[in-house]
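So you can see what is in the structure, the chains are spelled out below.
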Amino acid sequence: MAEFEAIVAGSGITGGWAAKELTERGLKVLMIERGPMIEHRRDYKTEFTPPWELPYRGFGDPKALATSKRIQRFAWMDEWTQHMFVDDDVDVYETPPESGFLWMRGYHLGGRSLMWGRHSYRMSPLHFESNGRDGHGVPWPVRYQDVAPWYDLVEQFIGVNGTVDNLPTLPDGKYQPSMGLNAAEQRLADAVRSHYPDRRLLPGRTANLTQAIGDRAPCQFRDQCARGCSFGAYFSTQSSTLPAARATGRLTLLTDTIVESLEYDAPKRRATALRLINATTGERSTARAPLIFLCTGSINSVSLLLRSASADAPRGLGNSSDLLGRYVMDHVKGDWVLSTVPGIDDQMYLGRRPNGITMPRFVNVAGQDADFLRGYSYQGGSGRATWKRGGEEAGIGAEFKQKLRQPGGWQIALEPNVECLPSKDNRVTINFDRKDKYGLPLTRIDVRWGENERKAAAHARKQAAAMLSLLGGEVITFGSETRPPGTAIHEMGGASMGEDPRNSVTNPYNQLHDAPNVFVTDGAFMNSSGDRNPSLTYMAFTVRAAAHAADLLKNGAL
Amino acid sequence: MSSDELKPGLSRRAMISASVASLAALMLRAARSDAAAKERAAADPRHAFTDRLAALVIPDTSTPGAAKAKVASFVLLALDHGMGGMSPALLECVRKQLDEAAGQDFTKVPGVRGAQLLAAFDRSAFAAASPAPDSAEAAWRHIKSAIVAGYYTSEIGASKELVYEPIPGKFENVKLTADFRSRSNDGFGGSL
């Protein structure tokens, strides 16, 4: 294999960024993806497929939903996008019943950057201080101001639509024009603002363009992003970072190749090679470079390091602290509350926004004002009932048909994103006694919600119902139980960052303490989850780490 | 082969050849399968009953209704494949109920009388928030959902009765007018 100066394992949200930044900084980069090629535009095979051309009209194959997609179905998966998600009979893992972790993944070029929810919020200063303040998890070794310039850079490149609101718990960024609110959302925003001076309901901030960037066109308001978007109107590896990396002429892309483990030179404290498996033929090989970026997704990167155990690193590479695989987190989801919205039936909208609403954290901000630590934010959205309501109400015949020509009543929903308290016992380990079809020992995920998450979720439900009741409609609370960990698809942690190698896995620039030429920049480095979607933060840290890595390499420090 | 498109074990040319051949085979198989499915559906003794139900729920008006949209085939597919937790027994349960109400084979009841019988049954099915799980009313609610879904995801229902708008191009808040027609796309996906 050709000589490379850097290898990026993974091609998703952070892998694409690492490849872009390192190639643009002059490095010859090999990017390795375990799944098959998905070429921008050419391979979005269901993008324009109408439901009548699908075997199950878009509702999905019941057999697949019960078998090969029995876990992936809990993602925002449908018949158009099910091929984007892994096969649950092939890509197996372990989780104890008490955890029931749902691990949603996409193994193909671009990874979950093709199917992600695109909500892009900065963590606030509060989030970077919480571990140090309440003693849960590893204290962050960086502060908001360390990351802010990198947030700026990322937002402007990927294109985030949003409003500038000057709120302490939700820092503003460099935004394209917002997609705005619809009539019901505006009504709730006004009601909340007049009733709760410390709360704001805002348009969501998503990585969908409202203005063109280069050959990426503005959003066409189809709300079907996860099928792939030939307009390039949302951020994905394919639409954004990969073209930039390719344009340098310094990128080599290797698909269908699984990284089994890393070779480690203990005296030099360096990882020297990646052991690879051809996913099609099973053939083994190695790839070498002085610089390695792990961007395979939090749990996969942690698993890869744990699988890299050797005589010199018996607990796994980078695990001298015994913290590798610990403090794994997700957000608590599923406690959503819905309300009808009376009085605005003369209002409608055209187009389908791939966006909704957000409400930043308002509990435990200035001090401890609730009986749980940390807090939550909300997301949600509103719309009018569609033709589907016809299956839920009385009526037949011409009159019934005529009625369904018009939209039904308004509904609006709020769903909390509850911060998960970092816990050493929430852990990823490896079961070396069981192997998958590639011969890799199985990853075991044991993440459980604790009392703090349950209290916060119950608080969020109650507050959502109170706010929605301001609308004067019928309020319906769904799910008195939170959904299992993994549901938010925000799994993170396992390689906490810190200054002290005894108490952390990575340093403040995402380098393994035990092997500084290995950078872990997917969500594994996260010390706390915050209460919001984390992908923007992963991207900002990846760019920051890539700039640092390129400098180190240039200065002969790697 | 460009340097950024390495695919171990298979050349790009081989991949393209394989893809074209596979696609052609798949298309041929799909066409045969589709034709066979239509033949099977038409021969299915349940088809006439299901077609009658669908036509009564969504009749022809200024636009074609559920019969012309071949909704019965979708309903039978949904029942036979267990979509939305459904099973073929639901249809038999509804059939028994309607045959009893009609005092004869429901499919042989004249149009207006059939509509009256089904409308009454439909009203009773939605009178309670949740009918008993094994009741004919609960079964009908499943079947009706499938009829509605089958119609509005058909080309006729989605694009002739409602507006099929794959690329809106913009988002804007508007006043709802009396002649507004909903976008079928708004309801696609999710569960049955």
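Residues numbered from 1 in each chain as written. Chains lettered and ligands numbered in written order. Predicted model: local features only at pLDDT ≥ 70, side-chain atom pairs only at ≥ 80, totals over all residues.

J.: Would you mind going over the overall build of chain B with me for this structure?
T.: In terms of regular secondary structure, chain B is built from seven helices and one strand. Secondary structure elements in chain B, listed N-terminal to C-terminal, are α-α-α-α-α-α-α-β. Sequence separation of 24 or more characterises 53% of the internal contacts of chain B that already satisfy a separation of 6 or more. (Helix = DSSP H or I, 4+ residues; strand = E, 2+ residues; numbered from the N terminus. Contact = placed C-beta atoms within 7 Å.)

J.: Is there a simple way to explain the overall build of chain A in this structure?
T.: Counting its secondary structure elements, chain A contains 10 helices and 17 strands. Against the compact-globule benchmark of 24 Å for 558 residues, chain A has a radius of gyration of 23 Å, which places it among compact chains. Overall, the C-alpha framework of chain A stretches about 75 × 55 × 45 Å when taken along its three principal axes. Counting every position in chain A, which comprises 558 residues, the buried fraction comes to 58%. Sequence-distant contacts in chain A: of pairs separated by 6 or more residues, those separated by 24 or more amount to 71%. (Rg over C-alpha atoms; globule rule 2.2 N^0.38 Å. Buried ≥ 20, exposed ≤ 12 C-beta atoms within 10 Å, placed from the backbone.)

J.: Help me understand the sheet that holds strand E7 (residues 284-287) of chain A in this model?
T.: Strands belonging to one sheet form pairs held by backbone hydrogen bonds; the direction of such a pair is parallel or antiparallel. All names here are of chain A. In space, the three strands of this open sheet follow the order E5-E6-E7, with antiparallel pairing throughout. Strands with a single pairing partner mark the edges of an open sheet, and in this sheet they are strand E5 (257-265) and E7. Sheet twist, expressed as the mean angle between neighbouring strand axes with direction ignored, is 30°. Pairing geometry for strand E6 (residues 270-278) and E7, over four bridges, is antiparallel. If you follow leucine 276 over to E7, its bridge partner there is serine 285. (Pairing = 2+ DSSP bridges. Axes fitted to C-alpha atoms, helices over the stretch in contact; angles between N-to-C directions.)

J.: Explain the interface of chain A and chain B to me, please; I cannot follow it from the model alone.
T.: You'll often see interface size given as the accessible area lost when the parts meet. Contacts between chain A and chain B engage 52 residues on the former and 55 residues on the latter. Sorting the residues of the side of chain A that touches chain B by element identifies strand E4 (251-254), strand E10 (347-350) and helix H8 (397-403) of chain A as the ones contributing at least two each. Its residues assigned to classes, the side of chain A that touches chain B shows 23 nonpolar, 16 polar and 13 charged. (Nonpolar A, V, L, I, M, F, W, Y, C, P; charged D, E, K, R; others polar.)

J.: What is the right way to look at the domain arrangement of chain A in this model?
T.: Residues and elements named next belong to chain A. What the domain assignment lists for chain A is domain 1 (1-49 + 107-160 + 242-331 + 422-436 + 486-558) and domain 2 (170-205 + 332-418 + 450-484). Its C-alpha centre places domain 1 at a distance of 33 Å from the equivalent point of domain 2. Elements represented by at least two residues in the side of domain 1 that touches domain 2 include exactly helix H3 (125-134) and helix H4 (144-158). At five residues, H4 tops the list of elements feeding residues into the side of domain 1 that touches domain 2. (Domains from an automatic or database assignment.)

J.: Can you help me understand unusual backbone geometry in this one?
T.: Peptide bonds are mostly trans, and most non-glycine residues show a negative phi. Residues and elements named next belong to chain A. With phi around 55°, aspartate 256 is a residue other than glycine that occupies positive phi space. Tracing the backbone through its elements, the reader meets aspartate 256 in the loop between E4 and E5. Judged by the 23 C-beta atoms lying within 10 Å of it, aspartate 256 is buried. In the Ramachandran plot, arginine 269 falls in the positive-phi region, its phi being about 55° despite a non-glycine side chain.

J.: What is the right way to look at the pairing of E6 of chain A in this model?
T.: Every other side chain in a regular strand lies on the same face of the sheet, so the side chains alternate between the two faces. All names here are of chain A. Here E5 pairs with E6 via eight bridges, running antiparallel. Across the sheet, serine 261 pairs through a bridge with arginine 275, a residue of E6. The antiparallel pairing of E5 with E6 creates a hairpin that spans four residues between the two strands, and arginine 269 there sits at a positive phi of about 55°. Between E6 and E7, which follow one another and run antiparallel, lie five residues, and glycine 282 among them has a positive phi close to 80°.

J.: Help me out: how do you make sense of the nonpolar core in this one?
T.: Where a protein is soluble and globular, its nonpolar side chains tend to be buried together. Ala6, Ile7, Val8 and Val29 of chain A are the most contacted members of the largest nonpolar core, which totals 147 residues. Tallying contributions element by element places helix H10 (residues 535-554) of chain A first for this core, with 11 residues. Residues lining this core come from more than one domain, with at least three contributed by each of domain 1 (1-49 + 107-160 + 242-331 + 422-436 + 486-558) and domain 2 (170-205 + 332-418 + 450-484) of chain A. Setting aside chain neighbours within four positions, we find valine 29 of chain A in contact with Phe4, Ala6, Val8, Ala19, Leu22, Thr23, Arg250 and Leu251 of chain A. Leu56, Val71, Val75 and Leu91 of chain B belong to the second-largest nonpolar core, a separate cluster that totals 46 residues. (Core = buried A, V, L, I, M, F, W, Y, C linked by C-beta atoms within 7 Å.)

J.: What is the right way to look at the packing of H4 of chain A against H10 of chain A in this model?
T.: All names here are of chain A. One way to put it is that H4 packs onto H10 with a least axis distance of 8 Å and a crossing angle of 105°. Accordingly, the angle class assigned to the pair H4 and H10 is roughly perpendicular. The residues of H10 that touch H4, namely those facing Val147, Trp150, Tyr151, Leu153 and Val154, are Leu536, Met539, Ala540, Phe541, Val543 and Arg544. Broken down by class, the residue content of the contact of H4 with H10 amounts to 10 nonpolar, no polar and one charged. (Parallel < 35°, antiparallel > 145°, perpendicular 65-115°, else oblique.)

J.: Even after reading the chapter, I still don't get the environment of phenylalanine 541 of chain A, so can you show me in this structure?
T.: All names here are of chain A. Mapped onto the elements, phenylalanine 541 comes out in helix H10. In sequence terms phenylalanine 541 and threonine 95 are 446 residues apart; their C-alpha atoms lie 29 Å from each other. Excluding residues that lie within four positions of it along the chain, phenylalanine 541 makes contacts with Val147, Asn510, Thr521 and Phe525.

J.: Mind showing me how you'd approach the sheet that holds strand E11 (residues 357-359) of chain A here?
T.: All names here are of chain A. In spatial order, the strands read E3-E11-E12-E13-E9-E16; together these six strands make up an open sheet with antiparallel pairing. The two strands at the open ends of the sheet, each matched to only one other strand, are strand E3 (202-203) and strand E16 (475-477). Looking at chain direction, E11 and strand E12 (residues 376-384) are connected through three bridges and run antiparallel. From the neighbouring strand, threonine 358 faces E12, where its bridge partner is glutamine 379. Taken strand by strand, helix H5 (residues 183-195) contacts strand E9 (337-341), E11, E12 and strand E13 (410-418), and its axis lies near 60° from that of E13. Sitting on the sheet, helix H9 (residues 451-469) touches E9, E12, E13 and E16, and the angle it makes with E13 is about 155°.

J.: Which parts of the structure should I look at to understand the packing of helix H2 (residues 47-57) of chain B against helix H5 (residues 111-125) of chain B?
T.: Helix-helix packing: each pair is described by the crossing angle between the helix axes and the interaxial distance. Residue and element names in this part refer to chain B. Running from N to C, H2 and H5 point in directions that differ by 80°, and their axes come no closer than 10 Å. Classified by the angle between their axes, H2 and H5 sit roughly perpendicular to one another. The residues of H5 that touch H2, namely those facing Arg52, Leu53 and Leu56, are Gly114, Ala115 and Leu118. Looking at the contact of H2 with H5 residue by residue, the classes come out as four nonpolar, one polar and one charged.

J.: Please clarify how the confidence of the model for chain B should be interpreted in this entry.
T.: Do not read the predicted coordinates in detail wherever pLDDT is low. Residues and elements named next belong to chain B. Within chain B, residue pLDDT values average 85, and 78% of them lie at 70 or more. Across residues 1-31, where pLDDT falls below 50, the model places 25 contacts with residues more than four positions away in sequence or in other chains. As scored by the predictor, the complex reaches a pTM of 0.93 and an ipTM of 0.94. (pLDDT = per-residue confidence, 0-100.)

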